[in-house]
Amino acid sequence: MVQDRTQPEHAAQTYPRGDRRRSRLGLFLPYILLTLVVVAWSIGWFWIRGRAVDEIDDWMAREAAAGRNWGCTDRTVTGYPFRIELRCSAVTLDRSDGRFRLGPTTAVAQVYQPRLVVFESAGPFHVEQGGLTGDASWRALQGSFHGASDGFTRASVVMDDPKVAVTGVPTGPIDVSGQHLELHARPDPGRYTSEGAVDLSLRLTRAEVPQFDVLTGTQDPADLVLDAALSQATILRTGPVPRELERWRQAGGTLDITGLSLAKGQQRIQAKGSLALDAAHRPAGQLDLRAAGIDTLVGSIVGQRFGSERGALVSQLVGGLLGLSRRPQPDAPADAAPLKDLPPIRLADGKVVFSGFPIPNVYLPALY
């Protein structure tokens, strides 16, 4: 049998032209789909960015209509492809009662988690309000805000090496510095709906306050811890301070201190109680105290009332009765001295009353 050898041997294995086109399409299909996804995502990101810019502009317009003019110098909105990043070389606020300015600041939100905003600022912060001028600086500042449909779930600010200076105070300039500061806020689970209460937690380590050193007789740095609940906090806005405080006072707002702890060397004080504003806009309320090692402080207060000689004698008597002058042994830990109950401190009619006697030369001015 004669075979036709004029045809190539692989001729029987050739594929139809349509099959070859499908084979090439399958090879490039993943790249085509990836390109479509990138294009769709890019369109979506620019749409979200546009919405964010519109929201910022609308909010600033509403604030301006209410007399609060916000500014974001050299504003840029970037962050493609997964973030919305707002940058300002300065954030400013001008309103009827003062001016505020914050240095370079950045706020970032992930497109898949828009209600969580993380921010940081290089500072400094400057404020002018009435006759007061305040300046604050820090080595690092970071914060976060967890938003919710009915408000927020948590807000936090963390600061390293904070320094604050206030001038224009009638009693003289105030200078405060520290090693680390944390401030956290969250809705009070049991009181937020009914009273608009917000839980506050403040931590300040190794704080130095020259004015406080004179009062306590020691230059040891202080550690401050405050846990409190601020009722009627939800009515507070960004309006002038006097107006906001008055709205808060008329609503029956209170600062309920569940725990206040101050440690300065061997001196320790703990307090709890409730504070508010009276009709004359002065702080009012009562604090229950426990303390150890504060005989110098008590002596300073008593000495102002009875004179130096009698004050020293009365101070020793009071300190002995209350156990405030008891010192731990040299080899004992710093917090070995037991805390003793003290008479409460009452704030009433602009006076600070301790053990039934107003503290001399101490008056509480109206806050607004």
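Since we're looking at a predicted model, the values are computed, not measured. (Residues numbered from 1 in each chain as written. Predicted model: local features only at pLDDT ≥ 70, side-chain atom pairs only at ≥ 80, totals over all residues. Heavy atoms only, no water.)

A. Layout of the side chain of T254. Within the element layout of this structure, T254 appears in the loop between α4 (241-250) and β17 (255-264). In terms of polar contacts, T254 uses its side chain to reach the side chain of D256, at 3.3 Å. Look past the residues within four positions of T254 in its chain and what remains in contact with it is R191, A229, L230, S231, W248, S274, L275 and A276. (Helix = DSSP H or I, 4+ residues; strand = E, 2+ residues; numbered from the N terminus. Polar contact = N/O pair within 3.5 Å; in protein donor to acceptor, adjacent residues only side chain to side chain. Contact = heavy atoms within 4.5 Å.)

B. The arrangement of the pairing of strand β8 (residues 125-129) in detail. Bridging between strand β5 (residues 98-102) and β8 involves five bridges; their strand directions are antiparallel. Bridge pairing links L102 to F125 in β8. Bridging between β8 and strand β9 (residues 132-137) involves five bridges; their strand directions are antiparallel. Each residue of the ladder has a partner; that of Q129, found in β9, is L132. Here β8 hands over to β9 after two residues, with G130 in that stretch at a positive phi of 60°. (Pairing = 2+ DSSP bridges.)

C. Just the packing of aromatic side chains, in detail. In the structure shown here, the tally under the stated rule is seven aromatic pairs. Arranged with centres 6.1 Å apart and planes meeting at 25°, the rings of F46 and Y80 form a pair that is stacked. Highlighted residues: F46 in helix α1 (residues 17-65) and Y80 in the loop between β2 (76-78) and β3 (83-88), separated in sequence by 34 residues. Residue classification places Y80 among the partly exposed residues on the basis of a relative accessible area of 41%. Following the ring pairs from residue to residue traces out a cluster consisting of W45, F46 and Y80. (Phe/Tyr/Trp six-rings, centres within 6.5 Å; stacked < 30°, edge-to-face > 60°. Buried < 20%, exposed > 50% of the residue type's maximum accessible area, 1.4 Å probe, protein only.)

D. How the structure looks around the nonpolar core. Within the largest apolar cluster, 14 residues are counted, with the highest numbers of intra-cluster contacts made by I257, L275, L287, L289, L342, L347 and V352. Mapped by element, the contributors of at least two residues to this core are β18 (267-277), β19 (283-292), β20 (340-348) and β21 (351-354). With three residues, β19 is the single largest residue contributor to this core. If near-sequence neighbours (up to four positions away) are discounted, L287 is found in contact with I257, K272, G273, L275, P344 and I345. The next biggest cluster of nonpolar side chains, apart from the first, holds 10 residues, and it includes F152, A155, L230 and W248. (Core = buried A, V, L, I, M, F, W, Y, C linked by side-chain atoms within 4.5 Å.)

E. Structural context of the environment of A165. When you line up the elements, A165 lands in strand β12 (residues 163-167). When its relative accessible area of 25% is taken as the criterion, A165 is described as partly exposed. Residues A165 and A136, 29 residues apart in the sequence, show an inter-C-alpha distance of 6.5 Å. Dropping the residues within four chain positions of it, A165 is found in contact with T133, G134, D135, I174 and D175.

F. Quick peek at empty space enclosed by the protein. Counted according to the given criterion, the structure contains one cavity of 30 Å³ or more. The volume enclosed by the largest cavity comes to roughly 40 Å³. Lining of the largest cavity is provided by 10 residues; of these, F212, T216, L262, Q267 and I269 occupy positions nearest its centre. The class makeup of the residues in the lining of the largest cavity is six nonpolar, two polar and two charged. (1 Å grid on protein atoms, 1.4 Å probe; cavity = no way out; pocket = protein on both sides within 12 Å on 5 of 7 lines; lining within 4 Å. Points joined across faces, edges and corners; volume = space filled by probe spheres on them. Nonpolar A, V, L, I, M, F, W, Y, C, P; charged D, E, K, R; others polar.)

G. Up close: a nonpolar patch on the surface. Among the surface-exposed residues, L27, F28, L29, Y31, I32, L33 and L36 lie close enough to one another that they form a single nonpolar patch of about 740 Å² accessible area. Inspection of the secondary structure puts L36 in helix α1. (Patch = residues over 30% accessible without salt bridge, like charges linked within 9 Å, V, L, I, M, F, W, Y side chains within 5 Å. Areas by Shrake-Rupley, 256 points an atom, 1.4 Å probe, with all protein chains shown as cover. Salt bridge = Lys/Arg side-chain N within 4 Å of Asp/Glu carboxyl O.)

H. How the structure looks around the confidence of the model for the chain. For the chain, per-residue confidence averages 86 on the pLDDT scale, and residues scoring 70 or more make up 81% of the total. Scored below 50 in pLDDT, residues 304-335 makes 46 contacts in the model with residues more than four places away or belonging to other chains. (pLDDT = per-residue confidence, 0-100.)

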